[in-house]
Amino acid sequence: MPRTHHSCRWCLGYCQQSKRLEKGATRHRGLLPLFNCMCDERIAREQRIMLNVVLAMFAILTALCTATLLSHSPASAGPPKERIVLMLTGSNCPDALQTLETTLRQTDGVFAVDGNSVPGHLLLDVEEGKTSAHDILTVVHMTIGAAPSCQVEIMQSCITAPKHTGAHAPAK
Amino acid sequence: MRASKRVFCVFAILTGLLAGGLALSSPTWAKTHDVAMTAEETDVVIEGNGEKYAAWTFNGTFPGPVVRVTEGDTINFTLTNPATNKHPHAMDFHAAEIDFLKNYKAINPGETISYSFVAKKPGIFFYHCGAPPMIQHVARGMFGAIIVDPKDAKAWAKADREYVLVQSEFFKNPNDVQAMFDRKFDGVMFNGGIFKYHPFVTGGGKLDAKPGERVRIYFINAGPNEFSAFHPIGEIWDNVYESGNPTNKLNGVQTYVVGPGSAATFDVVAESAGAYPLVTHSLTGALRGAIAVLLVGPDAKDAPLMPMVPWILPAK
């Protein structure tokens, strides 16, 4: 229901009596001034409330828009992933592979471990910035440290994709 | 007796001429294909972390579907530009020899265009949207491949396995036409994906083959601007066929340049198990996305001509 405010002399007198009038602004709600007079202080308070309401609505709208935009960005698709490739060399590697896969799957920051796609290699998807290749190698060495004839190293080659080429952060 | 022989000879000659004429005018092997495509302005996945790109496509995939016919076949083509689209679109088949003005004109949303052509020459050909600005329509994904197989299958060695690879440049901002004119690309893709067939990159797949198989790569460079220097790391192309025509045959090629809007067919036979990355040796392109690893092993499974199109990543 819309509220109406009316200037009135009755309220002016009331506010002057109660010493809450500074700038001479008085109003009352509805048609009757009785018990509804608003002096400077109440008007200011009401304006503050209205301002807060408007600000809150703006904040909610901003949050909604941001959420919509973020839903199209990689951040909303989960943390960014990085693929770490381990090269396994040695006669004991096939035996060590399953143990390694099991251990690495349980390692914090590791999303997926694939020992089947590329023979002699372990492909790991890890959370970018949380788990490094060095961390993974440490886990590997702790797991198969005693296994002879299986050397594990980070795969580096001419087709290793550089990280900051511009192609990794496409925009819409 | 002599008269009847003469009549028989005339009849035989006439019949022969008639049969020959019929064979020439309407070859028995020729088929007619109805090919319909729809211009779709839609988001597609273009890299292994699931990032999407506001593409313009034929039939919703980047690249569009592979069309495959045989030399001499007729293609009845229809392009629909749905009313829900915002831009005009068109279709230009490099395999066709027809009037450009009449057939390749851009149509507005809500319109349809149809035309026919005979695929007279065998090969691998580019198709693409030609609506202005064409550079943007190509950059955003409106292209694909049409294979015209030779009518004589023995014109070249039989392939054991076939793939189609379409190279194109990637521009982060699909609306920045000036960047396209300025050749400021942000990546290079095979089949609409950055490192799509690179298993050492997140979300990357691979191309499979068995040792000793003749792998045939139908390769197109969609551009819109850059040249491709197509090279198999660890191998040598056994044969390269310019434009995919069996008569344009080269032997023992290390790297072959394919310009924008051009194509070639590449045969490689890897004798040993292992990884053989197929790259553009223009390294700014290779190291920004144009690497496809051919993984050769005894357990290689059958695969479609254009694997992972569309690129659907597993749920997170």
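Residues numbered from 1 in each chain as written. Chains lettered and ligands numbered in written order. Predicted model: local features only at pLDDT ≥ 70, side-chain atom pairs only at ≥ 80, totals over all residues. Heavy atoms only, no water.

(A) Structural detail: the overall build of chain A. Counting secondary structure elements, chain A contains four helices and seven strands. When the helices and strands of chain A are listed from N to C terminus, the series reads β-α-β-β-α-β-α-β-β-α-β. Across the 172 residues of chain A, 28% fall into the buried class. For chain A, restricting intrachain contacts to residue pairs at least 6 apart in sequence, the fraction spanning at least 24 positions comes to 50%. When the accessible surface of chain A is split by element, carbon and sulfur atoms take 61% of a total near 11300 Å². (Helix = DSSP H or I, 4+ residues; strand = E, 2+ residues; numbered from the N terminus. Buried < 20%, exposed > 50% of the residue type's maximum accessible area, 1.4 Å probe, protein only. Contact = heavy atoms within 4.5 Å. Areas by Shrake-Rupley, 256 points an atom, 1.4 Å probe, with all protein chains shown as cover.)

(B) Here's a closer look at the nonpolar core. B:I46 and B:F62 are the most contacted members of the largest nonpolar core, which totals 36 residues. Listed in part, the 33 residues of the second largest apolar core include B:A139, B:Y197, B:A264 and B:Y276. (Core = buried A, V, L, I, M, F, W, Y, C linked by side-chain atoms within 4.5 Å.)

(C) Region of the structure containing the layout of surface pockets. The computed volume of the second largest pocket comes to approximately 500 Å³. Considering the residues around the second largest pocket, the lining is formed by 23 residues, among which A:R83, A:D125, B:G203, B:G204 and B:P314 are closest to the centre. When residues of the lining of the second largest pocket are traced back to their parent elements, those giving at least two are β4 (81-89), β5 (110-114) and β6 (121-127) of chain A. Looking at the lining of the second largest pocket, its residues break down into nine nonpolar, seven polar and seven charged. (1 Å grid on protein atoms, 1.4 Å probe; cavity = no way out; pocket = protein on both sides within 12 Å on 5 of 7 lines; lining within 4 Å. Points joined across faces, edges and corners; volume = space filled by probe spheres on them. Nonpolar A, V, L, I, M, F, W, Y, C, P; charged D, E, K, R; others polar.)

(D) Molecular detail of helix α4 (residues 133-144) of chain A. Residues and elements named next belong to chain A. Taking 1.5 Å of rise per residue, twelve residues should cover 16 Å, and α4 covers 16 Å from first to last C-alpha, within 8% of that figure. Listed in full, the buried residues belonging to α4 are I136, L137, V139, V140 and I144. Down the axis of α4, the buried side of the element spans an arc of 160 degrees, and every buried residue falls inside it. In α4, the exposed residues that point more than 90 degrees away from the buried face are H134 and M142. Buried residues in α4 make contact with β4, α3 (93-105), β5, β6 and β7 (151-154). (Expected span 1.5 Å × (residues − 1). Arc of directions from axis to C-beta.)

(E) Quick look at the packing of aromatic side chains. Residue and element names in this part refer to chain B. Throughout the structure, instances matching the rule amount to 19 aromatic pairs over all chains. Seen in terms of ring centroids, F58 and Y127 are 5.8 Å apart; in terms of plane orientation they differ by 65 degrees. Their pairing is edge-to-face. Here Y127 lies in strand β7 (residues 123-128) and F58 lies in strand β2 (residues 52-58), a separation of 69 residues in the sequence. Taken together, the aromatic side chains of F58, F77, F93, F100, Y104, Y115, F117 and Y127 make up a single cluster linked through ring pairs. It is R216 that lies over the ring of W156; its NZ or CZ is 3.9 Å from the centre. (Phe/Tyr/Trp six-rings, centres within 6.5 Å; stacked < 30°, edge-to-face > 60°. Lys NZ or Arg CZ within 6 Å of the ring centre and 35° of its normal.)

(F) Structural view of the pairing of strand β13 (residues 228-232) of chain B. All names here are of chain B. For β13, the tally of buried residues reaches five of five residues, placing the bulk of the element in the interior. Along β13, one buried face is formed by S228, F230 and P232 and the opposite face, lined by A229 and H231, is buried too. Of the strand pairs in this sheet, β13 and strand β16 (residues 256-258) are connected by three bridges, and their pairing is antiparallel. Looking at the pairing, A229 lines up with V257 of β16. (Pairing = 2+ DSSP bridges.)

(G) Seen up close, the confidence of the model for chain A. Per-residue confidence for chain A averages 74 on the pLDDT scale, and 54% of its residues sit at or above 70. Low pLDDT, under 50, characterises residues 67-76 of chain A; the predicted model gives this stretch five contacts beyond four residues in sequence or across chains. (pLDDT = per-residue confidence, 0-100.)

(H) Geometry of the pattern of salt bridges. Residues and elements named next belong to chain B. Taken as a whole and judged by the stated rule, the model has twelve salt bridges over all chains. For E162, the salt bridge is made with R68, and the minimal N-O distance between the two is 2.9 Å. Of this pair, E162 sits in strand β9 (residues 161-170) while R68 sits in strand β3 (residues 67-70), and the two are 94 residues apart along the sequence. Residue class for E162 comes out partly exposed when judged on its relative accessible area of 22%. The exposure class of R68 is partly exposed, given its relative accessible area of 31%. Between E226 and R183 there is a salt bridge, and its shortest N-O distance comes to 3.1 Å. Residue E226 is found in the loop between β12 (214-223) and β13, and its partner R183 is found in the loop between α4 (177-181) and β10 (187-190); the two are separated by 43 residues along the sequence. (Salt bridge = Lys/Arg side-chain N within 4 Å of Asp/Glu carboxyl O.)

(I) The arrangement of the environment of B:D176 in detail. All names here are of chain B. Along the chain, the position of D176 falls in the loop between β9 and α4. Owing to a relative accessible area of 31%, D176 belongs among the partly exposed residues under this scheme. Separated by 145 residues in sequence, D176 and K31 have C-alpha atoms that sit 43 Å apart. There is a polar contact of 3.1 Å between the side chain of D176 and the backbone nitrogen of A179. (Polar contact = N/O pair within 3.5 Å; in protein donor to acceptor, adjacent residues only side chain to side chain.)

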